[in-house]
Amino acid sequence: MKEFNLNNIIRPNIQKLKGYSSARDEFKGEAEVYLDANENPFGTLNRYPDPQQIAIKKRLSEIKGVNENQIFIGNGSDEVIDLAFRIFCEPGKDKALTFSPSYGMYSVSAAINDVKLVELPLTSDFQINVEELNPYLKDEALKLIFICSPNNPTGNCFEGEAIQYILKEFKGIVIIDEAYIDFSTKESFINQLKNYQNLIISQTFSKAWGLAGVRVGVAYTNSDIIDLYNKVKPPYNISTLNQEAVLNKLDNLAQFEIEKNIILNEKEKLEKQLQEIELVKKIYPSEANFILIEVTNANKLYNSLVAQKIIIRNRNSLVNNCIRITVGSEKENKKLMTALKELS
Ligand code: PMP
């Protein structure tokens, strides 16, 4: 692929797709009598939700400084990831690429969609190995690259230069998964949207925004890619209750900042306290709300904590003898630290 051309990387059946449209779309909520959608006329949640989530997009547009037509709202960012496979990758033929270790849903979603996922190992300091990546960038079957930054489970951000290089050199779609960006000291790539036609930024209300139970994720990209997302999404993918929950959060940005700062403060405290624990061998620097820690024996520690009803993530299979700890409330973190001290 010589130049980036969106038409070259869309699955042929999606190119021809018209997409579902509701008879209600053209009225924009201004009609008086709704007899088009076989709803029950009684109750408060009897109507279908706004399929385009216009109120949320208006608020996000103001907050993020992008146009409303550059925003897609998904049922969690997991839906943003899954729909990307369905838009760009022909099952049994096309490929996607990510780095290892990284977020597990890239491979789950690839497998569900019958797409081969190339998993390139990160360097020993968890950065992208650009030299190893180079030959893959020229593979015409490669349609998608997932870059998780800050990366789950390692916690670091990737070097901006490496990401820019991939955006320039790769003629397919680059998805930067910024699920944890609100906790990071590094800048979001959202400001780069104007520079790259192949860039999708994925963010979520599940982490710093505190709405994991609500299932709302967001993709920011150009309006042509948004049109494709709108064609393939289920018509009513975000419920009325979930749209309201997001709007309430977006109306209280001060509370968002307060909670985020409490979590970051707790993270700092945890990092200091963990240094005192004998079974802790290494604490990896984190730009997220979790910490990757190397311990003497991850499997044993995991089982001991589970026995005390404390659940952490055993990442031993990804990074030798490593566990991943989410930064919790002060009370939860204290319980964890007490248990770790006793086990040391
Ligand atoms: N991306 C990353 C890197 C994640 O860690 C997670 C959740 N663990 C997600 C996406 C999925 O988030 P959501 O709840 O928005 O589907």
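Residue positions within a chain follow its written sequence, with the count starting from 1. Whole-chain, interface and lining totals are the exception, using all residues; otherwise, since this is a predicted model, local features are given only for residues with pLDDT of at least 70 and side-chain atom pairs are given and counted only at 80 or more. Note that water and hydrogens are dropped before the side-chain values are worked out from all heavy atoms of the structure.

### Side note on the environment of N113
Put simply, DSSP H or I for four residues or longer makes a helix, DSSP E for two residues or longer makes a strand, and each gets a number counted from the N terminus. Along the chain, N113 turns up in the loop between α5 (105-112) and β3 (116-121). The contact definition used throughout considers only heavy atoms, calling two residues in contact when any of these lie within 4.5 Å. Among residues more than four places away in sequence, those in contact with N113 are D82, F85, R86 and P91. Polar contacts here mean pairs of N or O atoms no more than 3.5 Å apart (in protein, one a potential hydrogen donor and the other a potential acceptor; neighbouring residues in sequence count only if both atoms are side-chain atoms). Within the local environment of N113, its side chain forms a polar contact with the side chain of D82, the two groups lying 2.9 Å apart.

### A few points about helix α11 (residues 298-307)
Between buried and exposed lies partly exposed: a residue is buried under 20% and exposed over 50% of the maximum accessible area for its type, with that area taken using a 1.4 Å probe on protein chains only. Inspection of α11 places A298, L301 and L305 among the buried residues, and these make up the whole buried set. Within α11, the buried residues cover an arc of 65 degrees as seen down the axis, which keeps them to one side. Opposite the buried face of α11, by more than 90 degrees, sit the exposed residues K300 and A307. Close packing links the buried residues of α11 with β9 (290-295), β10 (313-314), β11 (322-326) and α12 (330-343). For α11, the side-chain oxygen to backbone nitrogen distance between the N-cap and N299 is 3.3 Å, and the N-cap itself is N297. Of the residues one or two after α11, K309 is the one with positive phi, at around 65 degrees. In this description, the arc belongs to the directions extending from the helix axis to the C-beta atoms.

### Re the sheet that holds strand β7 (residues 217-220)
Strands qualify as paired when DSSP identifies two bridges or more between them. Pairing within the open sheet is mixed, and its 7 strands lie in the order β1-β7-β6-β5-β4-β2-β3. If you trace the sheet from one side to the other, it starts and ends with β1 (71-74) and β3, each paired once. Ignoring strand direction, the axes of neighbouring strands in this sheet form an average angle of 25 degrees. Examined bridge by bridge, β1 and β7 share 4 bridges and lie antiparallel to one another. Across the sheet, F72 pairs through a bridge with A219, a residue of β7. In the packing of α5 onto the sheet, the strands contacted are β2 (95-100), β3, β4 (142-148) and β5 (173-177), and the crossing angle to β3 comes to about 155 degrees. Note on method: axes are straight lines fitted to C-alpha atoms, helices fitted across the in-contact stretch only, with angles between N-to-C directions ranging 0 to 180 degrees.

### Digging into the site of the ligand
Any residue with a heavy atom lying within 4 Å of a molecule or strand is counted as near it. Lining the immediate surroundings of the ligand are 13 residues, of which S77, D177, T204, S206 and R215 lie closest. A distance of 2.6 Å separates an oxygen atom of the ligand from a polar atom in the backbone of S77. Interatomic distance of 2.9 Å between a side-chain N/O atom of N152 and an oxygen atom of the ligand. Per-residue accessibility takes into account occlusion by the displayed protein chains alone, with areas from the Shrake-Rupley method and a 1.4 Å probe. The fraction of the free accessible surface of the ligand (400 Å²) that becomes covered by protein chains is 91%. As a working rule, the residues Ala, Val, Leu, Ile, Met, Phe, Trp, Tyr, Cys and Pro are called nonpolar, Asp, Glu, Lys and Arg charged, and the rest polar, with Gly in that last group. Grouping the constituent residues of the shell around the ligand by class yields 4 nonpolar, 5 polar and 4 charged.

### Some words on the layout of surface pockets
Any empty space left between the atoms is revealed when a probe the size of a water molecule rolls over them. Residues are called lining when one of their atoms sits within 4 Å of a cavity or pocket point, these points coming from a 1 Å grid over the protein atoms alone, where a cavity is a set in which a 1.4 Å probe fits but cannot get out and a pocket is an open set with protein on both sides within 12 Å along at least five of seven lines. Grid points are joined across faces, edges and corners, and a volume is the space filled by probe spheres set on the points. Estimates place the volume of the second largest pocket at around 390 Å³. Contributing to the lining of the second largest pocket are 15 residues, with I310, I311, I312, T326 and E332 lying nearest its centre. The biggest single contributor to the lining of the second largest pocket is α12, with 4 residues. Of the residues that constitute the lining of the second largest pocket, the class distribution is 6 nonpolar, 4 polar and 5 charged.

### Some points on the confidence of the model for the chain
Predictor confidence is given residue by residue as pLDDT, running from a minimum of 0 to a maximum of 100. Mean pLDDT over the chain works out to 96, with 98% of the residues at or above the 70 mark. Overall fold confidence (pTM) sits at 0.97, and the ipTM for the predicted complex is 0.99.

### What about the side chain of Q243?
The residue Q243 is located in helix α9 (residues 240-250) in this model. For Q243, a relative accessible area of 9% gives the class buried.

### Things to note about the environment of A245
Inspection of the secondary structure assignment puts A245 in helix α9. Once the C-alpha coordinates of A245 and Y180 are considered, the two residues, 65 residues apart in sequence, prove to be 20 Å apart. Residues contacting A245, with those up to four places away along its chain left out, are L211 and V214.

### Some points on the sheet that holds β9
If you trace the 4 strands from one edge of the open sheet to the other, you get β8-β9-β11-β10, paired in antiparallel fashion. At either margin of the open sheet sits one strand with a lone partner, and together these are β8 (280-283) and β10. Here β9 runs beside β11; their pairing, made up of 5 bridges, is antiparallel. Residue pairing in the sheet places I293 in a bridge with I323 of β11.

### Considerations on α5
Of all the residues in α5, the buried ones are Y106, S109 and A110. End-on view of α5: buried residues confined to an arc of 105 degrees, all on one side of the axis. Of the exposed residues in α5, the ones pointing more than 90 degrees away from its buried face are A111 and I112. Where α5 is buried, its residues meet α4 (77-88), β2, β3, β4 and β5. In the stretch just after α5, D114 is the one whose phi turns positive, near 55 degrees.

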